[in-house]
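Descriptive analysis of the structure
Each chain, written out:
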Amino acid sequence: EAQVTQNPRYLITVTGKKLTVTCSQNMNHEYMSWYRQDPGLGLRQIYYSMNVEVTDKGDVPEGYKVSRKEKRNFPLILESPSPNQTSLYFCASSFSYNEQFFGPGTRLTVL
Amino acid sequence: SQKIEQNSEALNIQEGKTATLTCNYTNYSPAYLQWYRQDPGRGPVFLLLIRENEKEKRKERLKVTFDTTLKQSLFHITASQPADSATYLCAPFSGGYNKLIFGAGTRLAVHP
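Report follows, based on the coordinates. (Residues numbered from 1 in each chain as written. Chains lettered and ligands numbered in written order. Predicted model: local features only at pLDDT ≥ 70, side-chain atom pairs only at ≥ 80, totals over all residues. Heavy atoms only, no water.)

1. Things to note about the sheet that holds strand β7 (residues 62-67) of chain B
Residue and element names in this part refer to chain B. As summarised here, the arrangement of the 5 strands in space is β1-β3-β8-β7-β6, forming an open sheet in which the pairing is antiparallel. The two strands at the open ends of the sheet, each matched to only one other strand, are β1 (3-6) and β6 (56-59). Pairwise comparison of adjacent strand axes, ignoring direction, gives a mean angle of 15° for this sheet. For β6 and β7, the ladder comprises 4 bridges, and the chain directions are antiparallel. Residue pairing in the sheet places K59 in a bridge with L62 of β7. (Pairing = 2+ DSSP bridges. Helix = DSSP H or I, 4+ residues; strand = E, 2+ residues; numbered from the N terminus. Axes fitted to C-alpha atoms, helices over the stretch in contact; angles between N-to-C directions.)

2. What about the packing of aromatic side chains?
Applying the stated criterion across every chain, the model contains 13 aromatic pairs over all chains. On the basis of an interplanar angle of 40° and a centroid distance of 5.6 Å, the ring pair of Y35 of chain A and F102 of chain A is categorised as tilted. Separated by 67 residues along the polypeptide, Y35 of chain A in strand β4 (residues 31-38) and F102 of chain A in strand β10 (residues 101-102) bring together distant segments of the chain. Here Y35 of chain A matches F102 of chain A in class, with each residue buried. Consider the rings of W35 of chain B and F75 of chain B, whose centres lie 4.9 Å apart with planes at 25°: the pair is stacked. Highlighted residues: W35 of chain B in strand β4 (residues 32-38) and F75 of chain B in strand β8 (residues 72-77), separated in sequence by 40 residues. With respect to burial, W35 of chain B and F75 of chain B carry one shared label: buried. Taken together, the ring pairs connect Y35, F90 and F102 of chain A together with Y36, F46 and F102 of chain B into an aromatic cluster. Just above the ring of Y32 of chain B sits the side chain of R51 of chain B; from NZ or CZ to the centre is 5.7 Å. (Phe/Tyr/Trp six-rings, centres within 6.5 Å; stacked < 30°, edge-to-face > 60°. Buried < 20%, exposed > 50% of the residue type's maximum accessible area, 1.4 Å probe, protein only. Lys NZ or Arg CZ within 6 Å of the ring centre and 35° of its normal.)

3. Quick look at the state of the cysteines
Counted under the stated rule, the structure contains 2 disulfides over all chains. Through a disulfide, C23 of chain A is tied to C91 of chain A; the S-S separation comes to 1.8 Å. Between C23 of chain A and C91 of chain A, the disulfide has an S-S torsion of -70° and is therefore left-handed. Taken together, the residues C23 of chain A in strand β3 (residues 19-25) and C91 of chain A in strand β9 (residues 87-94) connect sequence positions 68 residues apart. Accessibility classification places C23 of chain A together with C91 of chain A in one group, the buried group. The disulfide partner of C23 of chain B is C90 of chain B, and the S-S distance across this bridge is 1.9 Å. The sign of the S-S torsion, about 55°, decides the handedness of the disulfide formed by C23 of chain B and C90 of chain B: right-handed. Taken together, the residues C23 of chain B in strand β3 (residues 19-26) and C90 of chain B in strand β9 (residues 86-94) connect sequence positions 67 residues apart. (Disulfide = S-S within 2.5 Å.)

Listed below in structure tokens is the structure:
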């Protein structure tokens, strides 16, 4: 089954404790991206990747890191999470900029 | 800056009626625009893509129009059903930034 998976689905953590949210897709898509979704603000792009070892900043990259060492994986790293990073996070993949396939989401709470 | 506007108020309609959702964009000219459906707590799901040279696109009970002069897309669901209740997001593609820019979405509630 073609899908994008994210882990964990829910995470409660404390300020400053490094965390990684994993994202994996099995559709051989070149393009992957991370979004955060906050009430009233819609989906905002954090980082995106055009292909292996090619990443770039989106609209709200501050406080986040990404890597793309393999085509299927695109982890999101929060080196020192802060409460303003409490949000619902989505990973997405696609061929070029066409139909985006979204993961199920990760609900992060930073205390 | 590039801006997407979708009606933030929920749209409440009766089952069987046609729902019409609006997406307005400013300060750019997207080559194409996508519509997604999102259920609470879940990831958006792609519905339709319409290109700038297409005035209208249909898929089953869904119809999308794209007016590049008005800088507006309309999304219609005909013969609406309670199962159509969800939030609908529009996402015009920004060639300048090489990405989709998502609107905040409009919540649709279809009542039996």
